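# Overview (structure and organization)
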Amino acid sequence: MVPVSSSLKSVNFFLYKKQHSLTLIDAGFDNEDCWNALQTALTAHDLSLNDITQILLTHHHVDHIGLVNRILSEHPVPVYAHPLSVPRLKRDDDFMAMRVEFFAKLYQEMGCGEQGEKQTAYLQQALEKNRTEKMDGEIRTVKGNQLLDFDVLYVPGHAPDQIAFYQKDCQWLFGGDLLLEHISSNALVEPDLEGHRMMTLYEHYQSLKRVLGVNADVIFPGHGMLIENHKALIQKRLDGIGRKADKFLALIEFGSTTAAAVAKTYYKETYIKQFSLVMSEVIGHLDYLELQGKVQKEMVSGVWYYSA
Ligand SMILES: [Zn+2]
C-alpha cells in the first residue's frame, strides 16, 4: 500500500508467495514511492526482485502497471493480462487512434460541444506523449478460468479488461478496482475492439453482483483498505447506482435532455474539472435507466436526446 494524496488514498499491489512461486499482482505507478515499497516488501520477507516468477495484471490502468517495464528490464518474467489489455498496454497505433475518434464522436453525440472538443484535443496530445509508455516484453493473455493458483473472474466495468484473482483455499480475492472500501469505483466509458461503446456501468453492476456470490474472507483492492465484509459493501454500491440513476431520471424529467445537460446540472463546475469521469458516470447511469425501460433516447441532428 503506497499512500497517494488523491481520493484513492493508496495505490496497492501485492506479492503472493507459494512454495517457489512468487507472484506480483499489479505494479503500482511508475515512480520511486512504488519502487521503494516493492523493494521494502521483498526485503522484509528475505526476497528480492529475482524471486518474482510472474506478474498478473488486474487491468491496464496506469496506476496498476507502472513498474512492469522497470521490473522486466532487471528481471524478465511472464506478464499475464486479459486479451483486451493488449492493444492498450502495447499502445497499438490503430487502436489508440480509433479510441480518440470514438471519444470525439461520443462527446458530440452526448451534446458536450466545445468541452468535448477540448477533451478530444487533450486525448490526441496524450496519444503522442504516451507513445513511449508502451509495455515491453510479451504479454500472455488470460483466457480460461484458472491461472496458476487462482480462479480467474471476469469483472469488467471499471475497465473493459478487468479480471480478479480468487485464491479459493484462503478465500482471498484480488479484485483490482472492482470494489473499493472508501469510494465507489468508476465505470469508465470505453470502446470495444471494433469501436463500439461498451455498456460499462451495466457491466460493472453485473460484475459486482457476480462477486456478491463469491465467498471471500478478504478482498485485496487496488486502492484503500482491505475489505472484510464485501457482501454488505457490494449491496451498498448496487443501491448507490440505483439511487444516482433515479436522480438523473428526475433531471431528465425537469428538462435536462442530453447527457451533457444532466452532467452540467448535477456536477456543476466538476463537469469542467473532471469532464471525462463525469461523462462516464452520466452516460453509464443513462444506459442503466435505458436498460430498465425508464428512459429512451432519440437522435436529432447528431445528438442523443433522452426522455423519461
Ligand atoms: Zn483502474
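Cut-offs applied
Residues numbered from 1 in each chain as written. Predicted model: local features only at pLDDT ≥ 70, side-chain atom pairs only at ≥ 80, totals over all residues. Heavy atoms only, no water. Helix = DSSP H or I, 4+ residues; strand = E, 2+ residues; numbered from the N terminus. Polar contact = N/O pair within 3.5 Å; in protein donor to acceptor, adjacent residues only side chain to side chain. Contact = heavy atoms within 4.5 Å. Expected span 1.5 Å × (residues − 1). Buried < 20%, exposed > 50% of the residue type's maximum accessible area, 1.4 Å probe, protein only. Arc of directions from axis to C-beta. Donors = N, O, S within 2.8 Å, 3.2 Å for Na, K, Ca; no water. Tetrahedral: all angles 85-135°; square planar, octahedral: opposite > 155°, others 65-115°. Salt bridge = Lys/Arg side-chain N within 4 Å of Asp/Glu carboxyl O. UniProt positions renumbered as here; feature names shortened; annotations may be inferred. Domains from an automatic or database assignment. Buried area = accessible area lost by both parts, 1.4 Å probe. Nonpolar A, V, L, I, M, F, W, Y, C, P; charged D, E, K, R; others polar.

### Some thoughts on the side chain of H61
Tracing the chain through its elements places H61 in the loop between β5 (54-56) and α2 (62-65). Reaching out from H61, the side chain makes a polar contact with the side chain of H59 at a distance of 3.2 Å. Once residues within four sequence positions are removed from consideration, H61 is found in contact with H158, A159 and L188.

### Some words on helix α7 (residues 200-212)
Each turn of an α-helix holds 3.6 residues, which means side chains three or four residues apart point in the same direction. If you check α7, its first and last C-alpha atoms are 18 Å apart, about what 13 residues at 1.5 Å a residue would give, namely 18 Å. Of all the residues in α7, the buried ones are T200, L201, H204, Y205, S207, L208 and V211. Summarising the axial view, the buried residues of α7 lie within an arc of 165°, below the 170-degree limit, and thus occupy one face. At its buried positions, α7 is contacted by β9 (150-154), β11 (172-176), β12 (218-221), α8 (230-253) and α11 (275-291).

### Points about the side chain of T200
For T200, the location among the structural elements is in helix α7. Dropping the residues within four chain positions of it, T200 is found in contact with G157, A187, L188, V189 and E190.

### Thoughts on the environment of G224
Along the polypeptide, G224 turns up in the loop between β12 and α8. We classify G224 as buried; its relative accessible area is 4%. Leave out the neighbours within four places in its chain, and G224 touches M1, L8, S10, N12 and H182.

### Quick look at the coordination of the zinc ion
Within the protein, the zinc ion binds to H59 (NE2), H61 (ND1), H158 (NE2) and D177 (OD); these donor distances fall in the range 2.1 to 2.5 Å. Of note is the zinc ion, whose four donor atoms meet at the metal with angles of 85 to 175° in an arrangement that counts as irregular. The sequence motif formed by the donor residues of the zinc ion is H-x1-H-x96-H-x18-D. Of this pair, H61 sits in the loop between β5 and α2 while H158 sits in the loop between β9 and β10 (163-167), and the two are 97 residues apart along the sequence. H158 shares its class with H61; the two are buried.

### With respect to the pattern of salt bridges
As enumerated under the stated definition, the model contains 10 salt bridges in all. Between R99 and E190 there is a salt bridge, with the nearest N and O atoms lying 2.7 Å from each other. On the criterion of sequence distance, the pair formed by R99 in helix α5 (residues 93-109) and E190 in the loop between β11 and α7 is long-range, its members being 91 residues apart. The shortest N-O distance in the salt bridge between K244 and E281 comes to 2.9 Å. Within this pair, whereas K244 is found in helix α8, its partner E281 is found in helix α11, the two being separated by 37 residues in sequence. Under the relative-accessibility criterion, E281 is labelled buried at 11%.

### Overview of the UniProt feature "domain: Metallo-beta-lactamase" (unreviewed entry) in the protein chain
Under the UniProt annotation, the feature "domain: Metallo-beta-lactamase" (unreviewed entry) is placed at residues 10-223. Helix makes up 36% of residues 10-223 and strand 20%, with an end-to-end C-alpha separation of 5 Å.

### Observations concerning α5
The terminal C-alpha atoms of α5, which comprises 17 residues, lie 24 Å apart, in line with the 24 Å expected from a rise of 1.5 Å per residue. Among all positions of α5, only F95, M96, V100, F102, F103, L106, Y107 and E109 are buried. Sitting at the amino-terminal end of α5 is D92, which places a side-chain oxygen 3.3 Å from the backbone nitrogen of D94. Of the residues trailing α5, G111 is marked for its positive phi of about 80°.

### Some points on the domain arrangement of the protein chain
When the parts of a complex come together, some accessible area is lost, and that lost area is often taken as the interface size. Partitioning the protein chain into structural domains gives domain 1 (2-90 + 137-228) and domain 2 (93-130 + 238-307). Of the residues lining the interface, 22 residues belong to domain 1; the matching set on domain 2 comes to 19 residues. Buried surface at the junction of domain 1 and domain 2, both sides included, amounts to about 1900 Å², of which 73% is carbon and sulfur. Put simply, D287 and R197 hold a salt bridge, and the shortest N to O gap is 2.7 Å. If one sorts the elements of the side of domain 1 that touches domain 2 by residue count, α7 sits on top with seven residues. Of the residues contributing to the side of domain 1 that touches domain 2, the split by class is 12 nonpolar, four polar and six charged.

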